Amino acid sequence: MPAHCMRRLVLAGIILGISAYTATAAQTLDLIAQKGTIRIGYISDEEPFSFKKKDGNPTGYVIDLCGKIADAVGTKVANLKRDYVETTLADGFDAVKSGQVDLLCGAITINLGRRQSVDFSQPIFITGASALLRKDSPEYLMALFLDKRLAQVSAKPAPATSTIGVRADTTTGATLREALGSDVPKTRIADFATHQDGLAALENHKIDAYFADRALLFDLASHAHSPSTLAIGNRLFTHEPYGIALRQDDSAFRLLVDQTLTETYQSDDFAKLLTTYFGQEGPILRREIMMQSIPQ
């Protein structure tokens, strides 16, 4: 091959390499500015954190926080548009990683495993996993999740087997399997696509308990056909800090997100926001979130 042709090939390779590096190195704010749109991914069945209103539009505690972040981005990107992208928990992390969404909003637990593929904001909520039960659920389950002594319940023998439901693709399933040690009678774990499916199975006696983050269970119970027939466990099996998922290796965007959240936490509007979605629990939740927040 002639030398001049070789030089052209080498030069072309260098140019392609630079172009590929520029594309991969582009930061979130740059990409948002190029498109004029911030893409907010959300999980639609995690009320009161992220869900759909009757008109089909997304709403919820985390949706409102992501809206605050979009406002902050709007001070840097003129005429910013918002594109809400419905996704699932299973697909949402891939959507963040591939750049299909800029923020992933929902009841999303921050953990080290997930941080291998995405980054997270500072914590936006603190909760823990427990169970929703029927008041006629097996008494060993009532003792397990309501933190009662077995001696306090009747001597009725436990069933040969029982079933506890969990939402598929969540951290709570693994936690439940660890919690059901050798002292617990044989228990089957059933996965459900949505929390609503799990609630329906519990009410229809297809499962004996439904295991999820306690903050979600309160809202789930309120949508039951007969809420008075259900009980919510008070024993927590996990520490679950929720966060907003972001692209990895983008410190500038994460700083903007965290600055916006801290400013929101310190504002009077935050107390109103918590009361809107969590009622009387709002003041307690605010103290817990403030304790975990990043100061200015």
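Structure: above.
Residues numbered from 1 in each chain as written. Predicted model: local features only at pLDDT ≥ 70, side-chain atom pairs only at ≥ 80, totals over all residues. Heavy atoms only, no water.

Visitor: Would you take a moment to explain the state of the cysteines for this structure?
Guide: Put plainly, two cysteines are in a disulfide when a covalent bond ties their sulfur atoms together. Summed over the entire model, instances satisfying the criterion amount to one disulfide. At a sulfur-sulfur separation of 2.0 Å, the disulfide partner of C66 is C105. Looking down the S-S bond of the C66 and C105 bridge, the torsion is -105°, so its handedness is left-handed. Separated by 39 residues along the polypeptide, C66 in helix α3 (residues 61–74) and C105 in strand β6 (residues 103–105) bring together distant segments of the chain. (Disulfide = S-S within 2.5 Å. Helix = DSSP H or I, 4+ residues; strand = E, 2+ residues; numbered from the N terminus.)

Visitor: Would you mind going over the sheet that holds strand β11 (residues 187–192) with me for this structure?
Guide: Strand pairing in a sheet takes place through backbone hydrogen bonds and is either antiparallel or parallel in direction. Pairing in this open sheet of five strands is mixed, and the strands run β11-β10-β12-β9-β13 from one edge to the other. Of all strands in the sheet, those bounded by a partner on one side alone are β11 and β13 (230–232). Strand-to-strand twist of the sheet, defined as the mean angle between neighbouring strand axes without regard to direction, takes the value 25°. Strand direction decides the pairing type here: strand β9 (residues 129–134) and β13, joined by three bridges, are antiparallel. Pairing of L132 across the sheet is with I232, part of β13. Taken strand by strand, helix α6 (residues 171–179) contacts β9, β10 (162–167), β11 and β12 (209–213), and its axis lies near 120° from that of β12. (Pairing = 2+ DSSP bridges. Axes fitted to C-alpha atoms, helices over the stretch in contact; angles between N-to-C directions. Contact = heavy atoms within 4.5 Å.)

Visitor: Is there a simple way to think about a negative patch on the surface in this case?
Guide: A contiguous patch of negative charge on the surface is contributed by D91, D94, D169 and D191. Assessed through its relative accessible area of 53%, D169 is described here as exposed. (Patch = residues over 30% accessible without salt bridge, like charges linked within 9 Å, V, L, I, M, F, W, Y side chains within 5 Å. Areas by Shrake-Rupley, 256 points an atom, 1.4 Å probe, with all protein chains shown as cover. Salt bridge = Lys/Arg side-chain N within 4 Å of Asp/Glu carboxyl O. Lys, Arg positive; Asp, Glu negative; His and termini not counted. Charge placed at Lys NZ, Arg CZ, Asp CG, Glu CD. Buried < 20%, exposed > 50% of the residue type's maximum accessible area, 1.4 Å probe, protein only.)

Visitor: Where do I start with the side chain of S293 in this structure?
Guide: Residue position: S293 is located in the segment after α11 (282–292). For S293, a relative accessible area of 17% puts it in the buried group. Those residues in contact with S293 that sit more than four places away from it in its chain are Q122 and Y265.

Visitor: Would you mind going over the packing of helix α10 (residues 268–278) against α11 with me for this structure?
Guide: To describe two helices that pack against each other, one gives the angle between their axes and the distance between the axes. Across the interface, α10 lies against α11 with an axial gap of 8 Å and an inter-helix angle of 125°. It follows from the interaxial angle that α10 and α11 lie oblique. Pair α10 / α11 crosses with right-handed handedness. Every residue of α11 that contacts α10 at F270, A271, L274 and F278 is listed here: G282, L285, R286 and I289. Tallied by class, residues from the contact of α10 with α11 come to six nonpolar, one polar and one charged. (Parallel < 35°, antiparallel > 145°, perpendicular 65-115°, else oblique. Left-handed = near helix turned anticlockwise from the far one by under 90°. Nonpolar A, V, L, I, M, F, W, Y, C, P; charged D, E, K, R; others polar.)

Visitor: What am I meant to see in the sheet that holds strand β2 (residues 45–46) here?
Guide: An order of β2-β3-β4 is seen for the three strands of this open sheet, with the pairing classed as antiparallel. Each edge of the open sheet is held by one strand with a lone partner, namely β2 and β4 (58–59). Bridge count for β2 against strand β3 (residues 50–52) is two bridges, and the pairing is antiparallel. Counted as the bridge partner of E46 is S50 from β3.

Visitor: Where do I start with the nonpolar core in this structure?
Guide: Here is a general trend for soluble globular proteins: nonpolar side chains tend to be buried in one another's company. Core analysis: the largest hydrophobic core is formed by 40 residues, its most contacted members being F49, Y61, V73, L103, I124, F125 and I244. Secondary-structure elements contributing two or more residues to this core are α2 (28–35), β1 (37–43), α3, β6, α8 (214–222), α9 (251–265), α10 and α11. The contact partners of I244, leaving out residues within four places of it in the chain, are V62, C66, I69, L103, L104, C105, D119, F120, S121 and I124. Counting 17 residues, the second-largest nonpolar core is a separate cluster that includes A129, L133, L141 and I164. (Core = buried A, V, L, I, M, F, W, Y, C linked by side-chain atoms within 4.5 Å.)

Visitor: Help me understand α9, please; the structure alone is not making it clear to me.
Guide: Each α-helix winds once per 3.6 residues, and so residues spaced three or four apart point in a common direction. Along its 15 residues, α9 runs 21 Å from first to last C-alpha, staying within 8% of the 21 Å computed at 1.5 Å per residue. Of the residues making up α9, those classed as buried are F253, L256, V257, D258, T260, L261, T262, T264 and Y265. Of the surrounding elements, those touching the buried residues of α9 are α2, α3, β6, β15 (245–246), α10 and α11. (Expected span 1.5 Å × (residues − 1).)

Visitor: Before we go on, may I ask you to explain the packing of α3 against α10 in this structure?
Guide: The N-to-C vectors of α3 and α10 enclose an angle of 155°; their axes lie 10 Å apart at closest approach. Here α3 is positioned roughly antiparallel relative to α10, judged by the angle of their axes. Within the contact between the two elements, α3 uses Y61, D64, L65 and K68 and α10 uses D269, F270, L273, L274, Y277 and F278.

Visitor: What should I look at first to understand unusual backbone geometry in this one?
Guide: Note: most residues except glycine have negative phi, and most peptide bonds are trans. Omega for the bond connecting E47 with P48 falls within 30 degrees of zero, at 10°, which places this linkage in the cis form. Locating P48 in the fold gives a position in the loop between β2 and β3. Although it is not a glycine, N79 adopts a positive phi angle of roughly 55°. For H205, which is not a glycine, the phi torsion comes out positive at approximately 60°.

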